[in-house]
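# Structural features, examined
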Amino acid sequence: YKGGLRFHPSVNLGILKFLGFEQIFKNSLTTLPMGGGKGGSDFDPKGKSENEVMNFCQSFMTELSRHIGASTDIPAGDIGVGTREIGYMFGQYKRIKNEFTGVLTGKGLNWGGSLIRPEATGYGCVYFTENMLNTKGDSLKDKTIIISGSGNVAQFAAEKCNELGGKVVSMSDSSGTIYDKNGIDNNKLDWIKNLKNNERGRISEYTNKYDAVYKHGNKPWQIKCDVALPCATQNEINEKDANILVKNNCIAVAEGANMPCTTKAVDKFIDSKILYGPGKAANAGGVAVSGLEMSQNSMRIQWNRKEVDSKLKEIMNNIHKQCELYGTEGKFINYSKGANIGGFIKVADAILDQGVV
Ligand code: NDP
């Protein structure tokens, strides 16, 4: 099994079950041989000292180590769990088991990690968005893009949008949203990465450095855009937000986060026939490269950046093709239907082949 660990005060069994359920079909879509799983804790790393975070990660792994293993269940990161937390947990696992195995993914490059793993979810989401736009003879070039979140997925989604010629005008965190009409270019993005990954600051601080507007308590969805990439958390786009996006002529929404759009929001996008990429397809790049990290660990080799990135791109193309295959309705591609059917068929057939208990 494979899926992320989440550390956030909102974590409860219901959230982990929905994440685990989605993960099964997402992993199936990647075509890699992995079942789905998910885990976490309501521990809040925010405001904790380095030592408190390390102590928690070690205690968490002392228990978790009995349930996971390189051929059993290999967790990765999710909200609140990045390279730092993976490092502390990996170190503890190694201490307890006295072995160096690829039991967690998202590891640091010097101790078994894969190139492109930090970038994979964000990059993959943007590759998928580009695929969707290509079906309309369009691309991300010169598009105005809004992104929610400023964590791992959001940062690398923004980086890839910039590379493909898009203009990212908004990012956010759980306190509020910034709007930079001139675009968050890669220099500004580097500043955000340092703020969030090292200084662990708030996105509002962006306005002390750059010419931008900060709205406390707001999400980005009121800002006029061509493309919206929700990359923060679940249920962050409701029906009202979806109505605003459609009214503002947004042409594509791709989910970097897991289930960021409520069911009614998804219905609105599909009824309006705009391009809507569900998370289990659009954000599968992260787990896909985690799968590639496992392969490299087993083979005791490290692929270079270009190799991993081209494999990621190919996987995202294949996921897009599966959505087209199962989701085409006349001239419209219902990506939600396509991803659900595509992901389900492989799992259902495997269950039947292996016997039902
Ligand atoms: P991070 O912890 O790196 O970043 C999360 C971001 O979302 C932060 O900016 C955070 O703000 C914001 N956020 C968290 N909770 C809320 C909330 N309740 N309301 C508003 N904003 C919030 O996590 P990731 O980037 O790794 O994960 C983001 C999403 O992507 C999640 O849904 C995750 O499940 C999904 N995902 C992640 C993958 C990965 O590889 N990491 C793979 C596939 C999906 P603040 O700084 O204030 O906490």
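Summarised in this report is the structure supplied together with it. (Residues numbered from 1 in each chain as written. Predicted model: local features only at pLDDT ≥ 70, side-chain atom pairs only at ≥ 80, totals over all residues. Heavy atoms only, no water.)

Here we come to the side chain of serine 290. Relative to the elements of secondary structure, serine 290 occurs in helix 11 (residues 285-299). Residue serine 290 is classed as buried on the basis of its relative accessible area, which comes to 1%. Excluding anything up to four places from it in sequence, serine 290 contacts Lys2, Ala76, Thr105 and Arg117. (Helix = DSSP H or I, 4+ residues; strand = E, 2+ residues; numbered from the N terminus. Buried < 20%, exposed > 50% of the residue type's maximum accessible area, 1.4 Å probe, protein only. Contact = heavy atoms within 4.5 Å.)

An order of 2-1-3 is seen for the three strands of this open sheet, with the pairing classed as parallel. Edge positions in the open sheet fall to strand 2 (39-41) and strand 3 (74-77), since each of these has one partner strand only. Mean inter-strand twist for the sheet, computed between neighbouring axes without regard to direction, equals 30 degrees. Across four bridges, the pairing between strand 1 (residues 2-7) and strand 3 is parallel. Directly across from glycine 3, in strand 3, lies its bridge partner proline 75. (Pairing = 2+ DSSP bridges. Axes fitted to C-alpha atoms, helices over the stretch in contact; angles between N-to-C directions.)

A pair can form between side chains of opposite charge whenever their charged atoms are brought close. Counted according to the given criterion, the structure contains 18 salt bridges. In this structure, lysine 181 engages aspartate 211 in a salt bridge whose closest nitrogen and oxygen atoms are separated by 3.9 Å. Pair noted here: lysine 181 is in the loop between strand 6 (176-179) and helix 6 (186-199) and aspartate 211 is in the loop between helix 7 (206-209) and strand 7 (213-216), with a separation of 30 residues, a long-range link. A relative accessible area of 55% places aspartate 211 in the exposed class. The shortest N-O distance in the salt bridge between lysine 219 and aspartate 241 comes to 3.1 Å. Of this pair, lysine 219 sits in the loop between strand 7 and strand 8 (227-230) while aspartate 241 sits in helix 8 (residues 239-247), placing them 22 residues apart in sequence. Looking at lysine 219, the relative accessible area reads 33%, which means it is partly exposed. Connected through salt bridges with shared partners, the residues Arg6, Lys38 and Asp78 form a single ionic network. (Salt bridge = Lys/Arg side-chain N within 4 Å of Asp/Glu carboxyl O.)

A few words now on the packing of aromatic side chains. Tallied over the entire structure, the rule returns 16 aromatic pairs. Between phenylalanine 25 and phenylalanine 344, the ring centres sit 6.4 Å apart and the planes meet at 35 degrees, which makes this aromatic pair tilted. Here phenylalanine 25 is found in helix 1 (residues 13-30), whereas its partner phenylalanine 344 is found in helix 13 (residues 335-354), with 319 residues between them in sequence. When the centroid spacing of 5.2 Å and the interplanar angle of 85 degrees are considered together, the rings of phenylalanine 90 and phenylalanine 100 count as edge-to-face. Residue phenylalanine 90 is found in helix 3 (residues 83-97), and its partner phenylalanine 100 is found in the loop between helix 3 and helix 4 (117-134); the two are separated by 10 residues along the sequence. Among the aromatic residues, those joined into a ring-pair cluster are Phe7, Phe43, Phe56 and Phe60. Sitting over the ring of tyrosine 123, lysine 160 keeps its end group 4.3 Å from the ring centre. It is lysine 311 that lies over the ring of tryptophan 303; its NZ or CZ is 4.5 Å from the centre. (Phe/Tyr/Trp six-rings, centres within 6.5 Å; stacked < 30°, edge-to-face > 60°. Lys NZ or Arg CZ within 6 Å of the ring centre and 35° of its normal.)

Glancing now at the sheet that holds strand 5 (residues 167-172). Spatially, the seven strands line up as an open sheet ordered 7-6-5-4-8-9-10, and their pairing is mixed. At either margin of the open sheet sits one strand with a lone partner, and together these are strand 7 and strand 10 (275-277). Averaged over all pairs of adjacent strands, the angle between strand axes in this sheet comes to 15 degrees, irrespective of strand direction. Two strands pair when backbone bridges link them, and strand 8 and strand 9 (residues 252-254) are joined in this way by two bridges, in the parallel orientation. When the bridges of strand 9 are listed, valine 227 appears paired with alanine 252.

Close to the ligand lie 26 residues; Asp78, Thr121, Ser174, Arg202 and Asn258 are nearest. Here an oxygen atom of the ligand sits 2.9 Å away from a polar atom, N or O, in the side chain of lysine 46. Lysine 196 has a polar side-chain atom sitting 3.4 Å from an oxygen atom of the ligand. Isolated, the ligand exposes 900 Å² of accessible area, and the fraction of that covered by the protein chains is 83%. Every element with two or more residues in the shell around the ligand is listed here: helix 4 and helix 5 (152-163). The residue inventory of the shell around the ligand, partitioned by class, reads five nonpolar, 13 polar and eight charged. (Near = heavy atom within 4 Å. Polar contact = N/O pair within 3.5 Å; in protein donor to acceptor, adjacent residues only side chain to side chain. Areas by Shrake-Rupley, 256 points an atom, 1.4 Å probe, with all protein chains shown as cover. Nonpolar A, V, L, I, M, F, W, Y, C, P; charged D, E, K, R; others polar.)

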